[in-house]
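Coordinate analysis (summary)
Chain by chain, the residues run as shown.
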Amino acid sequence: MNENELEELYAWVDEIPLSRPKRNITRDFSDGVMAAEVVKHFFPRLVDLHSYPPANGIDQKIINWTLLNKKVFSKLNLDLASDVIRQVANCTHNVVECVLLNIRRKIDNKLWEQKQAAEGNDKPEADQNAAKEESPPKGKGALKTGKTLPAAAKPSPGKTKPDQKLTKVAKSKPGAKQTGEGNKNVKAKPPVDVAGEPVPRIQFEEKEQECLAKEETIQILQAKVRRLEHLLHLKDIRIEDLTQRMEQVRPSGQNRK
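Scope of this entry: the structure provided in the associated data block.

Rules of the game
Throughout this description, residue numbers start from 1 for each chain and increase along the sequence as written. Selection of residues for local features in this predicted model requires a pLDDT of at least 70, selection of side-chain atom pairs for listing and counting requires 80 or more, and totals for whole chains, interfaces and linings are taken over all residues. Here the side-chain values reflect all heavy atoms present in the structure, with hydrogen atoms and water set aside. Numbering of helices and strands starts at the N terminus; helices are DSSP runs of H or I of at least 4 residues and strands are runs of E of at least 2. Polar contacts here mean pairs of N or O atoms no more than 3.5 Å apart (in protein, one a potential hydrogen donor and the other a potential acceptor; neighbouring residues in sequence count only if both atoms are side-chain atoms). Working rule for contacts: check all heavy atoms of both residues, and any pair within 4.5 Å makes them a contact. One less than the residue count of a helix, multiplied by 1.5 Å, gives the span that helix is expected to have. Throughout, exposure labels follow a simple rule: accessible area from a 1.4 Å probe, protein chains only, divided by the maximum for the residue type, with under 20% read as buried, over 50% as exposed, and the rest as partly exposed. Regarding the arc, it is the one traced by the directions from the helix axis to the C-beta atoms. Ring geometry is summarised as follows: Phe, Tyr and Trp rings, the Trp one being its six-membered ring, pair when their centres sit within 6.5 Å, and such pairs are stacked at plane angles under 30 degrees, edge-to-face over 60 and tilted between the two.

1. Considering the side chain of Asp31
- Note on placement: Asp31 falls in the loop between helix H2 (25–28) and helix H3 (33–42).
- Among the polar contacts listed, one links the side chain of Asp31 to the side chain of Arg20, at a separation of 3.1 Å.
- Of note is the side chain of Asp31, whose polar atom sits 3.4 Å from the backbone nitrogen of Ala55.
- Ignoring sequence-local partners within four residues, the contact set of Asp31 consists of Arg20, Pro54, Ala55, Lys61, Asn64 and Trp65.

The following block contains the structure:
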């Protein structure tokens with residue numbers, strides 16, 4: 001990253017209201033809490049901040065980043081390697097800046113996709129099909145948050161987003177053959193509620209995200225309980241050992257008197 005990219009990234013972070021003052025970005029973001037707040041600022045329903053407690057120890061920092069990577073970043077098509085997470089937790093120089101830059105680009109892409117989806121609902125079918133063929137730019141040319149996409153930006157040939165693949169398959173005519181494994185026509189069925197009414201996909205993913213986050217929190221708490229029980233057991237052993245030593249020392253002390 002050059003100086004211009006760093007300055008632009010710092011300015012972007014400064015525009016986001018965070019729970020703690022920003023003094024040293026490497027240490028401030030090492031526990032993952034402020035990274036979760038950044039994503040929550042743009043997608044409030046995607047992040048549950050209670051799942052990411054502030055931490056000073058390396059182990060808890062890694063737990064926070066791993067949970068964030070699994071439950072939140074995956075929704076943004078971002079996957080951090082375990083060694084990168086460990087470097088961020090250990091406050092390795094310039095690593096968190098690269099991570100934040102990737103987070104920013106994924107947020108920009110997600111916002112663009114939501115905007116295109118919202119605009120597509122109000123357009124004729126021909127305009128919707130044309131909009132599906134566009135995709136947000138990637139790499140250094142990624143959009144800044146809040147800015148519009150140039151009209152000339154289109155995806156590279158042969159690459160299609162997963163959502164677009166499902167849409168094309170669902171719209172195919174009955175009996176039509178699809179290229180790929182099995183040459184079968186697959187139709188994506190939307191989730192339904194108890195009453196049998198279709199549930200919006202975004203709402204379904206949000207509820208699924210909440211359930212997964214709660215399950216992860218339960219697992220973390222259970223691990224903490226097991227560790228505390230182990231510590232209590234060690235304390236009991238230590239107390240028993242000291243008690244035996246005291247009983248051995250007392251008679252010898254009385255004989256000396």
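Picking up after the structure, the text goes on.
2. Some points on the environment of Pro17
- With respect to the secondary-structure elements, Pro17 resides in the loop between helix H1 (3–14) and H2.
- Separated by 17 residues in the primary sequence, Pro17 and Met34 place their C-alpha atoms 9.8 Å from one another.

3. What to know about H1
- Taking 1.5 Å per residue, twelve residues should reach 16 Å; H1 reaches 16 Å between its end C-alpha atoms and fits that length.
- Listing the buried residues of H1 in full gives Glu5, Leu6, Leu9, Trp12 and Val13. Buried positions in H1, seen along its axis, are confined to an arc of 125° and lie on one side of it. Away from its buried face, by an angle of more than 90 degrees, H1 presents the exposed residues Glu3, Asn4, Glu7 and Asp14.
- Looking at the buried side of H1, the elements it contacts are H3 and helix H6 (95–120).
- Two to three positions downstream of the cap, the backbone nitrogen of Asn4 sits 3.2 Å from a side-chain oxygen, assigning the N-cap of H1 to Asn2.

4. A look at the packing of aromatic side chains
- Taken as a whole, this structure holds two aromatic pairs when the rule is applied.
- Taking 5.9 Å as the distance between ring centres and 5° as the angle between the ring planes, the aromatic pair formed by Trp12 and Phe42 counts as stacked. On the criterion of sequence distance, the pair formed by Trp12 in helix H1 and Phe42 in helix H3 is long-range, its members being 30 residues apart.
- By relative accessible area, Trp12 is classed as buried at 6%.

5. Examining unusual backbone geometry
- Despite not being glycine, Asn77 shows a phi value in the positive range, around 60°.
- As for its placement among the helices and strands, Asn77 is situated in the loop between helix H4 (58–71) and helix H5 (82–89).
- Judged by relative accessible area, Asn77 falls into the exposed class, the value being 60%.
- Its identity is not glycine, yet Cys91 carries a phi of approximately 60°, on the positive side.
- With respect to the secondary-structure elements, Cys91 resides in the loop between H5 and H6.

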